[in-house]
Amino acid sequence: MEYEMVIGMEIHVELGTKTKIFCSCPTAFGQDENTHTCPVCLGMPGVLPVLNEKVVEYATRAGLALNCEIAHFSKMDRKNYFYPDLPKAYQTSQFDLPICTGGIVQIDIDGVKKDIGITRIHIEEDAGKLLHESADGTLVDVNRCGVPLIEIVTEPDLRSAEEARAFAEKIRNILEYTGVSDCKMEQGSMRFDVNLSIREKGSEVLGTRTEMKNLNSFRALIRAVQYESKRQIIELKKGHRIIQETRKWDDTKGISSSLRSKEEAHDYRYFPEPDLVPIVLAPEYIAKIKSELPELPEAKKQRYIDEYKLPEYDAGVLTTTGVTARFFEEAVAQYHEPKQISNWLMVEIPPLLKEKELTMENITITPLQLVELLKLVKNNEISGNTGKEVLKEMFNTGKNPGVIVKEQGLAQMSDTGELEAIIEKIVADNPKSVEDIGAGNEKAYGFLTGQVMKATKGKANAQVANEIIRAVVAKQLA
């Protein structure tokens, strides 16, 4: 019997506001525990929340970018549950009237396009964080309480770990472009919950689903989906019943384990938040936000193909993040060689970023510096290989490429008189190579070129050197 997985996702995204959703506490990441709190986000008796207007703007912007309908009337609700990192014992969220509904995002797996439906996007506040590693036992950091979130809930349209990853990456890219979130998974700004069930292939009946919560990387997402689907298939083949439950993913061990039975909506005893008025958005407000949306990844990718004549693959890589796209565009604006810039951005720069544990957000060179380096290569002032070494030095020191080339004497030797003297000696010292060339072995030219590069410590202009080598050898064979 063949099985297929059915996946729906809930993606929690922390919005990039400077202050929390209902108070003026800062949202900055990485501060000392329990220092960004106040009576409001701690849920003290008698406090009154005030909705951060920027949260509504960002949620609307995200909804429009994901092709959702924006509600002209929505409201906040109380979602009641007790957990140690939720001081007020309820979460302010949205239940039956979310701010966004009915979106669609298209993914592409090996050239096959597929629409993934978005059921809803709603606004809510984040909970705190439990710290289990302390010698004093489990502690609570409530700095994150009240940080504004949107939760993106999909239809059960995904059928594989690869589709889940493609969708999650697409969401990350779009939201990062719109500026509503930095989407830094290592800081918890973006987290995935996966609802997964197994059914017989071809069946329309959904199986019993489990939920895996708080996956915080694309790698964890893929591994968790693959593990849980295999686990459920094994259980079904044994004749066992799948239990609807919430499961915890252990990324170190690569396994999931049961956490608790899966709650239904009625378990949370939702009711309208009495301390907050409904959210009423005028058509003009929604239209204004829509008009201010930036160029999104798909449109930018197509423009790079049309305007810069880049291959589809290059355009896709360059538009993966807004930071990379901006770096590329700044470089192209100063040096209209898009393919050359693309090659260095895709091939030469990523290994250096990885080595230095950097990202394009904190890259240590500027577009102008890269352009200066590429001009040196194109004008044959340095070779391509030397350019790669100069790039490494730029990463290490921050110096401009021209300065590095001058300080280290890396400029190519293009003086024909100087090169001719070196080459004549090398040809004279290697008569066997000349004989091989005379016998029709063209590969012997490569050996002579290598000797020239060795003698000049890689500084010889390869094109000029090759021309002189052929002329000198021809003279010897005449």
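Nothing here was measured: the structure is a model prediction, and the numbers come from that model.

Trainee: For the environment of Leu215, give the residues involved together with the corresponding values.
Mentor: In this fold, Leu215 is placed in strand β12 (residues 210-215). Leu215 sits in the buried class, given a relative accessible area of 1%. A sequence separation of 21 residues divides Leu215 from Val194, and the C-alpha atoms of the two residues are 8.3 Å apart. Non-local contacts of Leu215, meaning those with residues more than four positions away in its chain, are made with Arg191, Phe192, Val194, Ala220, Leu221, Ala224 and Trp249.

Trainee: Any details on the layout of surface pockets? Residues and values, ideally.
Mentor: What the second largest pocket holds in volume is close to 1600 Å³. As for the second largest pocket, its lining consists of 43 residues, and the residues nearest its centre are Arg172, Asn173, Gly316, Thr320 and Thr321. Looking at the lining of the second largest pocket, the elements with two or more residues in it are β6 (100-109), α2 (161-178), α3 (218-237), α5 (297-308), α6 (312-318), α7 (322-334) and α8 (338-355). Of all the elements, α2 adds the most residues to the lining of the second largest pocket, at 8 residues.

Trainee: Help me get a handle on the domain arrangement of the chain, residues and values and all.
Mentor: Under the domain assignment used here, the chain contains domain 1 (3-285), domain 2 (295-408) and domain 3 (416-477). Just the C-alpha atoms count here: the centres of domain 2 and domain 3 sit 34 Å apart.

Trainee: Which residues make up the sheet that holds strand β13 (residues 245-250), and what values go with them?
Mentor: Spatially, the 9 strands line up as an open sheet ordered β2-β6-β7-β10-β1-β11-β12-β13-β14, and their pairing is mixed. Two strands lie at the open edges of the sheet, namely β2 (69-70) and β14 (255-261), each paired on one side alone. Pairing geometry for β6 and strand β7 (residues 112-125), over 9 bridges, is antiparallel. Looking across to β7, one finds that Ile109 is bridged to Val112.

Trainee: I'd love a proper account of the pairing of β6, names of residues and values included.
Mentor: Both β2 and β6 contribute to a ladder of 2 bridges, which runs antiparallel. Residue pairing across strands places Ile70 opposite Cys100, the latter belonging to β6. In textbook terms, the turn of a hairpin is the stretch between consecutive antiparallel strands, and for β6 and β7 this stretch comprises 2 residues, one of which, Asp110, has a positive phi near 50 degrees.

Trainee: Before we move on, can you summarise the pattern of salt bridges with the specific residues and values?
Mentor: Pairing is possible between side chains of opposite charge, provided their charged atoms come close. Summed over all chains, the structure comprises 36 salt bridges. For Lys213, the salt bridge identified is with Asp193, shortest N-O distance 3.0 Å. With Lys213 in strand β12 and Asp193 in strand β11 (residues 190-200), this pair connects stretches of sequence that are 20 residues apart. With relative accessibility at 26%, the residue Lys213 sits in the partly exposed group. A salt bridge links Arg303 to Glu295; the shortest N-O distance between them is 2.9 Å. Exposure remark for Arg303: the relative accessible area of 24% places this residue in the partly exposed category. Owing to a relative accessible area of 28%, Glu295 belongs among the partly exposed residues under this scheme. Overlapping salt bridges bring together Glu295, Lys300, Arg303, Glu307 and Glu329 as one network.

Trainee: Explain α5 to me, using residue names and the numbers behind them.
Mentor: The first and last C-alpha atoms of α5 sit 15 Å apart over 12 residues, in line with the 16 Å expected at 1.5 Å per residue. Listing the buried residues of α5 in full gives Pro297, Lys300, Lys301, Tyr304 and Tyr308. Each buried residue of α5 lies within a common arc of 105 degrees when the element is viewed along its axis, so the set occupies one face. Lys309 occupies a position one or two residues after α5 and carries a positive phi of about 60 degrees.

What counts, and at which threshold
Residues numbered from 1 in each chain as written. Predicted model: local features only at pLDDT ≥ 70, side-chain atom pairs only at ≥ 80, totals over all residues. Heavy atoms only, no water. Helix = DSSP H or I, 4+ residues; strand = E, 2+ residues; numbered from the N terminus. Buried < 20%, exposed > 50% of the residue type's maximum accessible area, 1.4 Å probe, protein only. Contact = heavy atoms within 4.5 Å. 1 Å grid on protein atoms, 1.4 Å probe; cavity = no way out; pocket = protein on both sides within 12 Å on 5 of 7 lines; lining within 4 Å. Points joined across faces, edges and corners; volume = space filled by probe spheres on them. Domains from an automatic or database assignment. Pairing = 2+ DSSP bridges. Salt bridge = Lys/Arg side-chain N within 4 Å of Asp/Glu carboxyl O. Expected span 1.5 Å × (residues − 1). Arc of directions from axis to C-beta.

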